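Architecture at a glance
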Amino acid sequence: GENVEQHPSTLSVQEGDSAVIKCTYSDSASNYFPWYKQELGKGPQLIIDIRSNVGEKKDQRIAVTLNKTAKHFSLHITETQPEDSAVYFCAASPRAIGNEKLTFGTGTRLTIIP
Amino acid sequence: SQTIHQWPATLVQPVGSPLSLECTVEGTSNPNLYWYRQAAGRGLQLLFYSVGIGQISSEVPQNLSASRPQDRQFILSSKKLLLSDSGFYLCAWSVFRTWGEAGELFFGEGSRLTVL
């Protein structure tokens, strides 16, 4: 089955700086790569996703890059703000009925220092 | 708009007692439904998923079971809780696509279960 590794497990950055979280996956059949943000005491929420037919996707201060050859993808947050503090999860899935084959990373706790 | 409700939010139960966590989705029809467990430092583990009423698939052997008595209702149960069942349980739904494709998961607020 798929194995997703996520690094770092914790990350602290100064407000206004950039944050980068990296994930690797093992199954070359994976073609869907979402990123979820989980605030304290809440369920995760999708912030951005990418499919294997593109190498990069951007949404305002958030961007995701995908390297299919190396089997890794990254989340980039620019101009970080205090509200970016949360736990971030990457995930990967091959083609499936729905999300039953979605494998999550172990999460990165991002802290923005004012 | 679609919403997902999950309850109870917190639960403290003795070992050997039964469990029932409920989840309902509003504003959509025939959703795919999921139960996840979140343990510290281990990400999100899929426990059960359902693509229709009465259709339940289990991803890991465990002390838990799931049922889908109605299209938008998903229930997580146990007859006798173990200490190891403690954790944060999340219900989620996704849009059913006839062509089959992973897509956005919409999570509930979660239920924190402590087994003593």
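Right, let's walk through the structure included here.

Calculation rules
Residues numbered from 1 in each chain as written. Chains lettered and ligands numbered in written order. Predicted model: local features only at pLDDT ≥ 70, side-chain atom pairs only at ≥ 80, totals over all residues. Heavy atoms only, no water. Helix = DSSP H or I, 4+ residues; strand = E, 2+ residues; numbered from the N terminus. Rg over C-alpha atoms; globule rule 2.2 N^0.38 Å. Buried < 20%, exposed > 50% of the residue type's maximum accessible area, 1.4 Å probe, protein only. Pairing = 2+ DSSP bridges. Axes fitted to C-alpha atoms, helices over the stretch in contact; angles between N-to-C directions.

1. Quick word on the overall build of chain A
Per the secondary structure count, chain A includes zero helices and eleven strands. If you list the helices and strands of chain A from N to C, you get β-β-β-β-β-β-β-β-β-β-β. Its C-alpha radius of gyration of 14 Å places chain A within 12% of the 13 Å reference for a compact globule of 114 residues. The principal-axis extents of the C-alpha atoms in chain A amount to approximately 40 × 30 × 20 Å. Here chain A holds 114 residues, and the buried ones make up 47% of them.

2. Examining the pairing of strand β7 (residues 62–67) of chain A
In summary, the side chains of a regular strand alternate between the two faces of the sheet. Residue and element names in this part refer to chain A. Direction of pairing for strand β6 (residues 56–59) relative to β7: antiparallel, over a ladder of four bridges. Paired with D59 across the strands is I62, a residue of β7. Linkage of β6 to β7, two consecutive antiparallel strands, is achieved through a turn of two residues, within which Q60 is found at a positive phi near 55°. Pairing of β7 with strand β8 (residues 72–77) involves six bridges; the strand directions are antiparallel. Opposite I62, over in β8, you have I77 as the bridge partner.

3. Regarding the sheet that holds β8 of chain A
All names here are of chain A. An order of β1-β3-β8-β7-β6 is seen for the five strands of this open sheet, with the pairing classed as antiparallel. Looking at strand neighbours, the two that pair on one side only are β1 (4–7) and β6, the edges of this open sheet. Looking at each pair of strands side by side, their axes are set apart by 15° on average, direction ignored. Pairing of strand β3 (residues 19–25) with β8 involves six bridges; the strand directions are antiparallel. Directly across from K22, in β8, lies its bridge partner S74.

4. Section: the sheet that holds strand β3 (residues 19–26) of chain B
All names here are of chain B. Reading across from one edge, β1-β3-β8-β7 is the order of the four strands in this open sheet, with antiparallel pairing throughout. Two strands lie at the open edges of the sheet, namely β1 (3–7) and β7 (65–70), each paired on one side alone. Strand-to-strand, the axes of this sheet are offset by a mean angle of 20°, without reference to chain direction. Judged from the four bridges that link them, β7 and strand β8 (residues 73–78) form a sheet pairing that is antiparallel. Looking at the pairing, S67 lines up with I75 of β8.

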